[in-house]
Amino acid sequence: MQQASKLSGRGKQEELDVIAGSILLVISLFAVLLGCTNLYLIKKMKMFHNAFGRFAASRTLGEVGCNVCNLAYTVPITFIQPFMTTDTPGVSLFVVERVCGFSSCIIQLAISLNRFVAVALPLKYKIIFTKRNCVMVISYSWLLGVIIAMGYVVTPCSMSAIQNTGMLTAMVMVCFCQGDKIHSKEVNNVIIFDIYYVAHVSNALTMILVTPEIRQKMGISKFCSWIVQRSAKVTSVTPKRTVMATTVFGKNVESHNV
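Residues numbered from 1 in each chain as written. Predicted model: local features only at pLDDT ≥ 70, side-chain atom pairs only at ≥ 80, totals over all residues. Heavy atoms only, no water.

### What about the nonpolar core?
Now for step 1: Within the largest apolar cluster, 18 residues are counted, with the highest numbers of intra-cluster contacts made by F48, M207 and I214.
Now for step 2: The set of elements that each furnish at least two residues to this core consists of α1 (15-44), α2 (51-80) and α7 (185-210).
Now for step 3: Counting residues per element, this core draws most heavily on α1, at six residues.
Now for step 4: In this structure, F48 is in contact with L41, I42, G53, R54, M207, T211 and I214, ignoring residues within four places of it in sequence.
Now for step 5: With 10 residues, the next largest nonpolar core counts F55, A110, V117 and Y125 among its residues. (Core = buried A, V, L, I, M, F, W, Y, C linked by side-chain atoms within 4.5 Å. Buried < 20%, exposed > 50% of the residue type's maximum accessible area, 1.4 Å probe, protein only. Helix = DSSP H or I, 4+ residues; strand = E, 2+ residues; numbered from the N terminus. Contact = heavy atoms within 4.5 Å.)

### Notes on the side chain of S141
Now for step 1: Along the chain, S141 falls in helix α5 (residues 131-154).
Now for step 2: A residue is classified by how much of its surface remains accessible, and S141, at 2% relative accessible area, is buried.
Now for step 3: Excluding anything up to four places from it in sequence, S141 contacts S58, S103, I106 and I107.

### A look at the UniProt feature "transmembrane region" (unreviewed entry) in the protein chain
Now for step 1: Under the UniProt annotation, "transmembrane region" (unreviewed entry) lies at residues 18-42 and 134-154.
Now for step 2: For residues 18-42, the helix share is 100%, the strand share is 0%, and the end-to-end C-alpha distance is 36 Å. (UniProt positions renumbered as here; feature names shortened; annotations may be inferred.)

Take a look at the structure:
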């Protein structure tokens, strides 16, 4: 009898499967909805019809692709745990998910460079980030994503240099699972796996929360300002009397600490 696989299910559902599947379902569904909202806003708002908007759309498309793969395969398999005779569907969707994931990570580098040039070299911005250059960068990011993802198919995972992405696992383990406090390998695997997709939700929320025009369009400006003011009161622990004016979420917020 063929041995069970993580990609094809073990043929037996456990309580942890339901918990892990539920968490991933919520994260992935939330990430897809927010990502699609961002894509809609990028298309409709002229302020994003530029290099930054093109890069952000490419990154968001990759992140949405990752979570669609989760909703289409990973979540159902985690819930149901069927015993399938082949890993082909799982491997195929895994490669697609990795192409989307790697491409979105690579394009993030272009976004960082784009923001740096906008601040440090504003006069050269339009010279560097022409439409042609943006299309080339986006195309290269997806091509490189395909090349890297193919490494999982060509080279065994246990030997592949791509497994340097395990550094993410190490960081999560250090932060959440310290030494003798590691009680369950399965629980740790769930935390490590989900933390990556939480970043997708964070990326999608960031564009909405830090862009005044989007907040105004969605009618959440007052709500965001209220959150900032409440956070400022909670985190104000300076012993000396100071007066500080900062601009957060597009509005001036004054805080007086004693």
